Amino acid sequence: MIRDFREQVRRVFQRELDSTPAPPDLAKQVFRATFARRAFGRQLVRQFAPTAAVLTFLLLVGIVAFALRTSRLVIGSAPAASPAAGLVSSPTADASPSPTASPSQTYCRTSVQNGCLTVTPSSGPVGTVVVLEGSGCNNPGQLAYFAFESSHYGTQTGTEGAVDIPNVPVDGAGHFRITFSIPQQLHALQQHGGGRVLPGTYSIDSLPILCQATFTVTSG
Amino acid sequence: MPDDAQADLVSDALAGDEAAFTALVGPLLAHGYQLAIAILRDPQEAQDALQDASFTAWRQLRQLRDGKAFRSWFLRIVVNKCKVVRRSRWWSVVRVGDTDLIKREAKDDSIRDLDLHRAIRRLRSDDRIAIFLYFYLDLPLDEVAQVLGLSGAAARSRLYRAVRKLRPGLQGQEVFQ
């Protein structure tokens, strides 16, 4: 019975296969396709491997350059020691400088970050209204912060101490312009100095120290 | 083909010898095509599936653990490729038999054959493959199991269930004698 069944199944399948015979060159077609696809794959790799290598190299160079640039910015904008709380000057918007103005002084720093600070005038008595103008003196996305303080340069003259000029608004390009009145008093630094502003040369520094300028107090 | 000769051809093909691969796969193409036709019932699709299977076999020859079991390994690839083709036919209508063929069958063969033909066509694809491998290609049961990716017992069970759908009166001992 099973033999009969087997024969019958064979006949059925054979009939189905007879109606769809294999093409005479089946083997030729199959192997040609197989080896052609293999060769095509290899050719593809050979053709595009150099381009892929170059693109990968450029991508790596870009990543390294970006990382270096970012790390420089971080180093350049490392937070400086915050001045002790004390006297704080309130900047006022854009008043005219004192009539006894001396020529302005501009200091630009280009080594790490382009920061420019112009002090107009650059000398005058206590109470002189100076214009501080410049750009690039703040950390990106933050307000600028300045300090009027005893000069770090050469022999110190005048009073040791500082006055903060905080929260200086900047525009999108980092540009600012404020007026500032030369104070009568400085607060002490690390319990040294402080008191009445005596004639001498003082620094106006941004914090972080991206911009620096000097102002000479001619009389107290 | 002797087992040792086949194992040698496999190792040569692994080394990139196209002639060895041709000698290895060539004798199996006829069976592969018949199997693909039995599953897909379309000559063009069967040919495409066979080409895919050949390329896959060439690419994945390293995965062949036992060089002597090349036939079942290759036929299994053919079955898998055919299943992929069938799955991709979701948009198509159910393929019906050629009416001319059925008319010819009715004229040439007994009604019994025609009934069996219809019953085979109604079988699930996996059952039909099992019947085809065992009864038409005359593969031993363990090789049928390998092609289907089943254990010997599972293949035996599937085959028996399929046979019972075609011929309910047949007993297990008769089928596997």
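Predicted, not measured: the structure shown is a model, and the values here were computed from it.

Caption draft 1: View of the overall build of chain B. A tally of helices and strands in chain B yields ten helices and zero strands. The helix and strand sequence of chain B, counted from the amino end, reads α-α-α-α-α-α-α-α-α-α. Residue burial in chain B is summarised as follows: out of 177 residues, 35% are buried. Taking contacts inside chain B between residues at least 6 apart in sequence as the whole, the part at least 24 apart equals 58%.

Caption draft 2: Region of interest: the packing of helix 2 (residues 18-40) of chain B against helix 7 (residues 125-136) of chain B. Residue and element names in this part refer to chain B. Following both chains from N to C, one finds helix 2 and helix 7 inclined at 150°, their axes separated by 10 Å at the closest point. When the axis of helix 2 is compared with that of helix 7, the two are roughly antiparallel. Considering how the two elements wind past one another, helix 2 and helix 7 form a crossing that is right-handed. From helix 2, Leu35, Ala38 and Ile39 reach across to helix 7, where they touch Ser125, Arg128, Ile129 and Phe132. Of the residues assigned to the contact of helix 2 with helix 7, the class counts are five nonpolar, one polar and one charged.

Caption draft 3: The confidence of the model for chain A, seen in detail. When the pLDDT values of chain A are averaged, the result is 78; 80% of them are 70 or greater. Under a pLDDT of 50 for its full length, residues 92-99 of chain A has, in the predicted model, 15 contacts with residues more than four places off or in other chains.

Caption draft 4: Structural context of the nonpolar core. Counting 53 residues, the largest nonpolar core has Ala36, Leu50, Phe74, Val78, Ala130 and Val144 of chain B as the members making the most contacts within it. The leading source of residues in this core is helix 2 of chain B, at twelve residues. Once residues within four sequence positions are removed from consideration, Phe74 of chain B is found in contact with Val25, Leu28, Gly32, Ala53 and Ala57 of chain B. Residues Leu117, Val130, Tyr145 and Tyr202 of chain A belong to the second largest nonpolar core, which totals 28 residues.

Caption draft 5: Quick look at the interface of chain B and chain A. Across the contact, 31 residues belong to chain B and 24 residues belong to chain A. Examining the composition of the side of chain B that touches chain A, we find that nine residues originate from one element, helix 2 of chain B, more than from any other. When its residues are assigned to classes, the side of chain B that touches chain A shows 18 nonpolar, seven polar and six charged.

Caption draft 6: Structural view of helix 8 (residues 141-148) of chain B. All names here are of chain B. The set of residues buried in helix 8 consists of Val144, Ala145, Gln146, Val147 and Leu148. Where the residues of helix 8 are buried, they touch helix 4 (70-87), helix 7 and helix 9 (152-166). Looking one or two residues past helix 8, Gly149 carries a phi angle of roughly 70°, positive in sign.

Caption draft 7: A look at unusual backbone geometry. Residue Pro121 of chain A follows Thr120 of chain A across a cis peptide bond; omega there is -5°. Here Pro121 of chain A shows up in the loop between strand 2 (115-120) and strand 3 (123-124). Of note, Arg41 of chain B is a non-glycine position whose phi angle comes to about 60°, a positive value.

Caption draft 8: Expanded view of the sheet that holds strand 5 (residues 144-150) of chain A. Residues and elements named next belong to chain A. If you walk across this open sheet you meet the five strands as 3-11-10-5-6, and the pairing is mixed. The open sheet has two edge strands, strand 3 and strand 6 (162-168), and neither has a second partner. Here two bridges tie strand 3 to strand 11 (residues 212-217), and the two strands are oriented parallel to one another. In the strand pairing of strand 11, Ser123 is matched with Thr216.

How each quantity is defined
- Residues numbered from 1 in each chain as written.
- Chains lettered and ligands numbered in written order.
- Predicted model: local features only at pLDDT ≥ 70, side-chain atom pairs only at ≥ 80, totals over all residues.
- Helix = DSSP H or I, 4+ residues; strand = E, 2+ residues; numbered from the N terminus.
- Buried ≥ 20, exposed ≤ 12 C-beta atoms within 10 Å, placed from the backbone.
- Contact = placed C-beta atoms within 7 Å.
- Axes fitted to C-alpha atoms, helices over the stretch in contact; angles between N-to-C directions.
- Parallel < 35°, antiparallel > 145°, perpendicular 65-115°, else oblique.
- Left-handed = near helix turned anticlockwise from the far one by under 90°.
- Nonpolar A, V, L, I, M, F, W, Y, C, P; charged D, E, K, R; others polar.
- pLDDT = per-residue confidence, 0-100.
- Core = buried A, V, L, I, M, F, W, Y, C linked by C-beta atoms within 7 Å.
- Pairing = 2+ DSSP bridges.

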